[in-house]
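Residues per chain are reported as follows:
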Amino acid sequence: MHSAAPVTGAARRVEDSVFEVPRATDLLGGLVTRTAPFWRWLGAIETDMLEERLAGVRIESPIYICGLARAGTTILLELFGALPQVATHRYRDFPLIYTPYFWDLVLSRLARPSAEPVERTHLDGIMVTPESPEAFEEVLWMHFFPDCHDPARASMLDETTRNPAFETFYRDHLRKLMLIQRASRYAAKGNYNIARLAYILKLFPDAKFLVALREPSAHIASLMKQHALFCEGERRNPRMLEHMRRVGHFEFGLDRRPIHLGAETSEVLALWQAGEEVRGW
């Protein structure tokens, strides 16, 4: 991985706080990751308990926002997440992704002060709260497709892909989010879904896709900036590196991995290792 130049001065002090992962989040996130089969089982129990209520929830025209990181997908998700009829994953949902209904019950009974918006870790001017939409369904994709972020293996999922266990769990999961948020549509931001469009369309033939594109030179410049930022932040805050792995963000930082879209990624990795950022992208 490319060794980014250190960030110093005031910017460094800002990053020290921004890249801090609360100890409780780290401990619970690590526990859920290590014991994922248990939480998957508990999620199935949750589904059984909600069977009658979920029977009336239909997944119609789910919205999938995808594209390479830094293409503008977060802004699109924010726009859809602001609509009352649209359900999304939210920051508050992590790390109990497998059991959204049970976790929502817990949170609803906790006395939580109103959170003021803060700039997200990327330091890109986007302000977030625990209620802001975020890309967390990747946790489920990683559990049911454990090799999906291996740069040496093709990431493409198409109409020939079959994973009945995932498909059942995933559909029930979306219905639970819609039930919790009293929504009639589901929207997801998933950068890696760019490699799964045909498979998602197989699951939901009426799905709608928004593929974000950005002018290449500005796009690569933004990726390089974020990579330097996250490398520096993760070096000083190792818990952030583990957090990024747990939520499935490998677009930049110390564990950056290219998406294997059918062509060999070894050349990309070699270029990045040599510091050839632009050529690698």
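The preceding data block contains the structure.
Heads up: these notes are all about the structure in this document. (Residues numbered from 1 in each chain as written. Predicted model: local features only at pLDDT ≥ 70, side-chain atom pairs only at ≥ 80, totals over all residues. Heavy atoms only, no water.)

## Some words on helix H5 (residues 73-81)
- Those residues of H5 that fall on the buried side of the exposure criterion are Thr 73, Thr 74 and Leu 77. For H5, the angular spread of buried residues about the axis comes to 95°, placing them on one side.
- The inward-facing, buried residues of H5 abut strand E1 (63-66) and strand E5 (185-189). (Buried < 20%, exposed > 50% of the residue type's maximum accessible area, 1.4 Å probe, protein only. Helix = DSSP H or I, 4+ residues; strand = E, 2+ residues; numbered from the N terminus. Arc of directions from axis to C-beta. Contact = heavy atoms within 4.5 Å.)

## Considerations on the packing of helix H3 (residues 36-49) against helix H6 (residues 100-109)
- Put simply, H3 and H6 touch, their axes get as near as 8 Å, and they point 85° apart. Relative to H6, the element H3 lies roughly perpendicular. Mapping the contact onto sequence places Leu 42, Glu 46 and Met 49 in H3 and Pro 100, Tyr 101 and Phe 102 in H6.
- Considering only residue class, the contact of H3 with H6 consists of five nonpolar, no polar and one charged. (Axes fitted to C-alpha atoms, helices over the stretch in contact; angles between N-to-C directions. Parallel < 35°, antiparallel > 145°, perpendicular 65-115°, else oblique. Nonpolar A, V, L, I, M, F, W, Y, C, P; charged D, E, K, R; others polar.)

## Some thoughts on a nonpolar patch on the surface
- A surface patch of nonpolar side chains, about 440 Å² in accessible area, is lined by Phe 38, Trp 41, Ile 45 and Met 49.
- Structurally, Met 49 is set in helix H3. (Patch = residues over 30% accessible without salt bridge, like charges linked within 9 Å, V, L, I, M, F, W, Y side chains within 5 Å. Areas by Shrake-Rupley, 256 points an atom, 1.4 Å probe, with all protein chains shown as cover. Salt bridge = Lys/Arg side-chain N within 4 Å of Asp/Glu carboxyl O.)

## Section: the state of the cysteines
- Enumeration according to the criterion identifies zero disulfides in this entry.
- For Cys 66, which is in no disulfide, the shortest distance to another cysteine sulfur is to Cys 148 and amounts to 15 Å.
- Taking the relative accessible area as the measure of exposure, Cys 66 reaches 0% and is therefore buried. (Disulfide = S-S within 2.5 Å.)

## Structural notes on the pairing of E5
- When you tally the buried positions in E5, you get four out of five residues, the bulk of the element.
- Note that E1 and E5 share three bridges and pair parallel. Counted as the bridge partner of Tyr 64 is Ala 188 from E5.
- Both strand E2 (residues 86-87) and E5 contribute to a ladder of two bridges, which runs parallel. Residue pairing across strands places Ala 87 opposite Tyr 186, the latter belonging to E5. (Pairing = 2+ DSSP bridges.)

## Digging into the sheet that holds E1
- On the basis of which strands lie adjacent, the open sheet formed by four strands has the order E2-E5-E1-E6 and parallel pairing. The open sheet has two edge strands with one neighbour each: E2 and strand E6 (208-211).
- In terms of strand pairing, E1 meets E6 through four bridges, oriented parallel. Of the residues in E6, the one forming a bridge with Ile 65 is Leu 210.

## Quick notes on the packing of aromatic side chains
- Overall, the coordinates contain 21 aromatic pairs when judged by the stated rule.
- With 5.3 Å between their ring centres and 70° between their planes, Phe 145 and Phe 166 make a pair best called edge-to-face. Residue Phe 145 is located in the loop between helix H7 (138-144) and helix H8 (164-180), and its partner Phe 166 is located in helix H8; the two are separated by 21 residues in the primary sequence.
- Every member of this aromatic cluster is reached through a ring pair, and the members are Tyr 98, Trp 141, Phe 144, Phe 145, Phe 166, Phe 169, Tyr 170, Tyr 199 and Phe 204.
- Lying over the aromatic face of Phe 169, Lys 176 brings its terminal NZ or CZ to 5.8 Å of the ring centre.
- A cation over an aromatic ring shows up here: Arg 257 above the ring of Phe 250, its NZ or CZ 4.0 Å from the ring centre. (Phe/Tyr/Trp six-rings, centres within 6.5 Å; stacked < 30°, edge-to-face > 60°. Lys NZ or Arg CZ within 6 Å of the ring centre and 35° of its normal.)

## Looking at the environment of Pro 238
- Within the secondary structure layout, Pro 238 lies in helix H11 (residues 238-247).
- Taking the C-alpha atoms as reference, Pro 238 lies 9.0 Å from Val 21; in sequence the two are 217 residues apart.

## Here's the deal with the pattern of salt bridges
- In the structure shown here, the tally under the stated rule is 18 salt bridges.
- The partner of Asp 124 in a salt bridge is Arg 120, and the shortest N-O contact between them spans 2.7 Å.
- Given a relative accessible area of 7%, Arg 120 falls into the buried group.
- With a shortest N-O distance of 3.0 Å, Arg 245 and Asp 255 are connected by a salt bridge. Of the two residues, Arg 245 is situated in helix H11 and Asp 255 in the loop between H11 and helix H12 (266-273); the sequence distance between them amounts to ten residues.
- What makes Arg 245 partly exposed here is its relative accessible area of 31%.

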